[in-house]
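Listed below are the residues making up each chain.
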Amino acid sequence: MVRLIGMFVGAGLVLVLLWSLLSGAIAVVREPAAETAEHAFHLYPRKVDFAHEGPLGRFDRQQLQRGFQVYKEVCASCHSLKYVAFRDLEQIGFSKAEVKAIARDWPIETQSVNPETGEAATRKSLAADRFPSPYANEVAARAANNNAIPPDQSLLTKARHDGPAYVYSLLTGYQRQPEKLLREFPDSKTGPGLHYNPYFANLNIAMAPPLTTPNQVSYADGTPATVDQMAKDVSAFLTWTAEPKLETRHQVGWAAMIFLLIFTTITYFAYQSIWADKKGPKRGSGKPTA
Amino acid sequence: MSFPWAKHYAPKSPFMRYVDERLPLPRLVYNAVGGGYPVPRNLNYFWNFGVLAGAALMIQIVTGIVLAMSYRADGGIAFASVEHIMRDVNAGWFLRYAHANGASMFFVVVYIHIFRGLFYGSYKPPREVIWLLGLVIFLLMMATAFMGYVLPWGQMSFWGASVITGLFSAIPIIGAPIQTWLLGGAVPDNATLNRFFSLHYLLPFVTLGVIILHVWALHIPGSSNPTGVDVKGEQDTVPFHPYYTAKDGFGLGIFLIVFATLIFFAPNFLGHADNYIEANPLSTPAHIVPEWYFWPFYAILRAFTVDFLFIPAKLLGVLAMFGAIILLFFLPWLDPSPVRSGHYRPLFKKFFWFGLIPCVLVLSYCGGAPAEEPYVMLSQIASAYYFAHFLIILPLVSMVERPLPLPNSISESVLHGEKTESRPFGTGGTLTSGQMIPGTSPQPAE
């Protein structure tokens, strides 16, 4: 009885699915899906090498400090970094005194209250504070940016597929709209206040090109500040802000792996020695022998 | 004693006798995982995965309890509290990555465990109840995993919760009120997050309870084995301890190596980037996809694209998706072949390896892909095969198939099969499970 009902239900479901398949196939033949500019011109992030990649990867401290300088002098005017604290900068090679100075001199002050009147006020940041947001609130952020909110950058490289390469490609990917695109998709002309960038999902990003000229940032360590170098450095810095525990993770990982390999080898020999008297000339696999 | 060849517990020390007489805990352990549980001696590595699933659950419970000490189930700060765990809590990054990837490892292990059961006929008499309880565990796991994924309150958490509870709105008339009741509002919000956290903490312990029943039910007939032939006597078995504790220890080592590779070197490989963006009810992600372990079911849900006989496509998809799991509850009765092991079922084996396995792989792939062609058509073909396999092909195969001769006993198959005499088999039901009832088997003459 169960089998009879089962076959009936099964046949019904198969019928409906084949009907769906047929309708889908007819629809595809009749009106093939129209090609879109996003589909035809979107590019995957370019390949870029970072020191932190791979299971032995460690951050390049100098690069992170250069990236921080790019963030501070370029990105920070629009993008917040709300999950990172000034004290965290000690992890990328700044001394306690340097961190204190960075916090104190940060152009945006930390929101606070006036201790006497209780009114809203701002104060100089301390090492323990998180990076203050450039905007008082979401409404202010929208108002200043043509209704587009600049996303918080703390987790940006984990919140995009292939994040570090994506940030690098996006920063170096601004260009004129290709003639071919305008010819094939005349409706897809980049609108006012938008900028063409093939690495952005819908090709038109509200952010104006942030890195435009070489030496826009003068690096303290003397590295030539090409646009490519600045983009790479800030991508590395944002990888650190998203995953500050990456180095610890790799180190603990190797210790754990070595322990587990020894543990597993020992258990393997224990298993073999315990079973030594039970195994016949050939282990039964359950496969037919006749 | 649960079955005739199980050993009686004899305390070795006066202390153990003292304890055992007052609280028979030593007896319980001895009979559950000690020398008192004789297990077929020919189990292959696929039989490691039950113990591994138990280990995975324990890892989830331990890491989960510690994470709950720093997590806050509040829509305003849930996302930030997860970042607090990742950045400021001691070893918080390890706990969270272990818990997130632990869920994936749990599903990997359980899927292998289920497919082991499907191939070796572990759902057949006398083990039907073990199979049914296993499916209950699977459903509880899926509910727990779904609610756990909502807790970090990222974009996929929010929209996943929205889509999955939205499935209930496909039910006519009562659907929409059910969704509101589940969410505690019209859209996922604080109420949703709080109740999901509460249930996410509760359900693993319910699962643990059902696992105890699952293992209890297993100890009545004893473990199955790759030949599918019943244990005939002591020569066919070895005590669980030390033989299978040793083998499971090795299996656990391999499991932990794979697990550690994920945690330490690719912690976000199985996740979705969008879940690192805080939940935003006003911005819908381009592609809403569940975690990988739900992809086959998500593909079945989306395979139904056309209304049929006044039944909306969405309702059909929802019914089929739940039906894909519900039908497994009927499996012991859908496949009446008396031969358990797929090794001795030539036709079944072909459909298993060349039908079911590719079908599930295609469904998994399509479930993670965007809802466009050719993925929709592929998932329609694969879904049709999935239902046909269990509801039509399996019953028919068991009727027409001529199984290969079974070995006389496990020990004979282990020892080269030299003594194996071909037992003609396949006239359809000459050997019924009735003959395999433990207790009728001849005891070894020693």
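Residues numbered from 1 in each chain as written. Chains lettered and ligands numbered in written order. Predicted model: local features only at pLDDT ≥ 70, side-chain atom pairs only at ≥ 80, totals over all residues.

If you tally the helices and strands in chain A, you get 10 helices and four strands. The order of α-helices and β-strands along chain A, N terminus first, is α-α-α-α-β-β-α-α-α-α-β-β-α-α. Its C-alpha atoms give chain A a radius of gyration of 29 Å, clearly above 19 Å, the size a compact globule of 290 residues would have. Taken over 290 residues, chain A has a buried fraction of 28%. Sequence-distant contacts in chain A: of pairs separated by 6 or more residues, those separated by 24 or more amount to 64%. (Helix = DSSP H or I, 4+ residues; strand = E, 2+ residues; numbered from the N terminus. Rg over C-alpha atoms; globule rule 2.2 N^0.38 Å. Buried ≥ 20, exposed ≤ 12 C-beta atoms within 10 Å, placed from the backbone. Contact = placed C-beta atoms within 7 Å.)

Summing up its helical and strand segments, chain B has 16 helices and two strands in all. Relative to the compact-globule value of 22 Å for 446 residues, chain B shows a C-alpha radius of gyration of 24 Å, a close match. Dimensions of chain B, computed from C-alpha atoms along their principal axes, come out at roughly 75 × 60 × 40 Å. Burial status across chain B gives 46% buried among its 446 residues.

This part is about the environment of Phe138 of chain B. In this fold, Phe138 of chain B is placed in helix H6 (residues 128–150). Separated by 27 residues in sequence, Phe138 of chain B and Tyr111 of chain B have C-alpha atoms that sit 9.2 Å apart.

Attention now moves to the pairing of strand S2 (residues 120–123) of chain A. Residues and elements named next belong to chain A. Where strand S1 (residues 110–113) lies against S2, four bridges are found, and the strand directions are antiparallel. When the bridges of S2 are listed, Gln111 appears paired with Thr122. Hairpin connection between S1 and S2: a loop of six residues separates the two successive antiparallel strands, and Gly118 in this loop has a positive phi of roughly 80°. (Pairing = 2+ DSSP bridges.)

This part covers the packing of H6 of chain B against helix H9 (residues 190–218) of chain B. Residue and element names in this part refer to chain B. Relative to each other, H6 and H9 sit at 160°, their axes nearing to 8 Å. One way to sum up the angle between H6 and H9 is to call them roughly antiparallel. Between H6 and H9 lies a crossing whose hand is left-handed. Among the residues making up the contact of H6 with H9, the classes are represented as 21 nonpolar, six polar and no charged. (Axes fitted to C-alpha atoms, helices over the stretch in contact; angles between N-to-C directions. Parallel < 35°, antiparallel > 145°, perpendicular 65-115°, else oblique. Left-handed = near helix turned anticlockwise from the far one by under 90°. Nonpolar A, V, L, I, M, F, W, Y, C, P; charged D, E, K, R; others polar.)

Take the domain arrangement of chain B next. Residue and element names in this part refer to chain B. Here chain B is partitioned into domain 1 (39–266) and domain 2 (289–416). Using C-alpha coordinates to define each centre, domain 1 is positioned 21 Å away from domain 2. Taken together, the contact between domain 1 and domain 2 spans 31 residues of the former and 26 residues of the latter. Looking at the side of domain 1 that touches domain 2, the elements with two or more residues in it are helix H5 (92–119) and H6. Take the side of domain 1 that touches domain 2: its biggest share by element is seven residues, from H6. Here the residues of the side of domain 1 that touches domain 2 are counted per class, giving 17 nonpolar, nine polar and five charged. (Domains from an automatic or database assignment.)

Below, the discussion takes up the packing of helix H10 (residues 246–275) of chain A against helix H10 (residues 240–265) of chain B. Close contact between H10 of chain A and H10 of chain B brings their axes to 8 Å; oriented N to C, the two are set at 165°. Looking at the two axes, H10 of chain A sits roughly antiparallel to H10 of chain B. As H10 of chain A runs across H10 of chain B, the sense of the crossing is left-handed. Its residues assigned to classes, the contact of H10 of chain A with H10 of chain B comprises 20 nonpolar, six polar and two charged.

On to the interface of chain B and chain A. The partner chain A presents 56 residues to the 65 residues of chain B that form the contact. Put simply, the parts of the chain that give the side of chain B that touches chain A at least two residues each are helix H4 (78–87), H5, H10, helix H12 (313–326), helix H13 (331–334), helix H15 (375–400) and helix H16 (410–414) of chain B. Considering every element that reaches the side of chain B that touches chain A, the biggest residue donor is H10 of chain B, with 13 residues. The residue makeup of the side of chain B that touches chain A, split by class, is 42 nonpolar, 17 polar and six charged.

With that settled, the discussion passes to the environment of Leu391 of chain B. Along the chain, Leu391 of chain B falls in helix H15. Residue class for Leu391 of chain B comes out buried when judged on the 24 C-beta atoms lying within 10 Å of it. Through-space distance from the C-alpha of Leu391 of chain B to that of Pro285 of chain B is 37 Å; in sequence the pair is 106 residues apart. Those residues in contact with Leu391 of chain B that lie beyond four places of it in its chain are Gly6, Met7, Val9 and Gly10 of chain A together with Leu327 and Leu334 of chain B.

In summary, soluble globular proteins display a tendency toward joint burial of nonpolar side chains. Core analysis: the biggest nonpolar cluster contains 98 residues, and Ala56, Phe106, Val109 and Ile300 of chain B have the highest contact counts within it. Of all the elements, H5 of chain B adds the most residues to this core, at 13 residues. Looking at this core, you find at least three residues from each of domain 1 (39–266) and domain 2 (289–416) of chain B. Sequence-distant contacts of Ala56 of chain B, that is, excluding residues within four places in its chain, are made with Gly102, Met105, Phe106 and Val109 of chain B. Residues Val70, Ala159 and Met230 of chain A together with Ala273 of chain B belong to the second largest nonpolar core, which totals 43 residues. (Core = buried A, V, L, I, M, F, W, Y, C linked by C-beta atoms within 7 Å.)

The subject of this paragraph is helix H7 (residues 155–166) of chain B. Residue and element names in this part refer to chain B. For H7, with 12 residues, the first-to-last C-alpha span of 16 Å sits near the 16 Å given by 1.5 Å per residue. The buried fraction of H7 amounts to nine of the 12 residues, a majority that puts the element mostly inside the structure. Next to the buried residues of H7 lie H6, helix H8 (175–183) and H9. (Expected span 1.5 Å × (residues − 1).)

So, on to helix H3 (residues 61–73) of chain A. Residue and element names in this part refer to chain A. The end-to-end C-alpha distance of H3 is 18 Å, a good match for the 18 Å that 13 residues give at a rise of 1.5 Å each. Turning to H3, its buried residues number three or more, namely Gln63, Leu64, Arg66, Gly67, Phe68, Gln69, Val70 and Tyr71. The inward-facing, buried residues of H3 contact helix H9 (227–242).

Okay, the environment of Thr227 of chain B next. As for its placement among the helices and strands, Thr227 of chain B is situated in the loop between H9 and strand S2 (237–239). Taking the C-alpha atoms as reference points, Thr227 of chain B and Val258 of chain B, separated by 31 residues in sequence, lie 29 Å from one another.

What follows deals with unusual backbone geometry. Pro126 of chain B follows Pro125 of chain B through a cis peptide bond whose omega is 0°. Summarising the element assignment, Pro126 of chain B is placed in the loop between H5 and H6. A cis amide bond, omega 10°, links His241 of chain B with the succeeding residue Pro242 of chain B. One non-glycine residue with positive phi stands out, namely Asp162 of chain A, at about 55°. Looking at where Asp162 of chain A falls in the secondary structure, it is placed in the loop between helix H6 (156–159) and helix H7 (163–172). The exposure class of Asp162 of chain A is partly exposed, given the 16 C-beta atoms found within 10 Å. One non-glycine residue, Phe310 of chain B, lies in positive phi territory at about 65°. Locating Phe310 of chain B in the fold gives a position in the loop between helix H11 (295–303) and H12.

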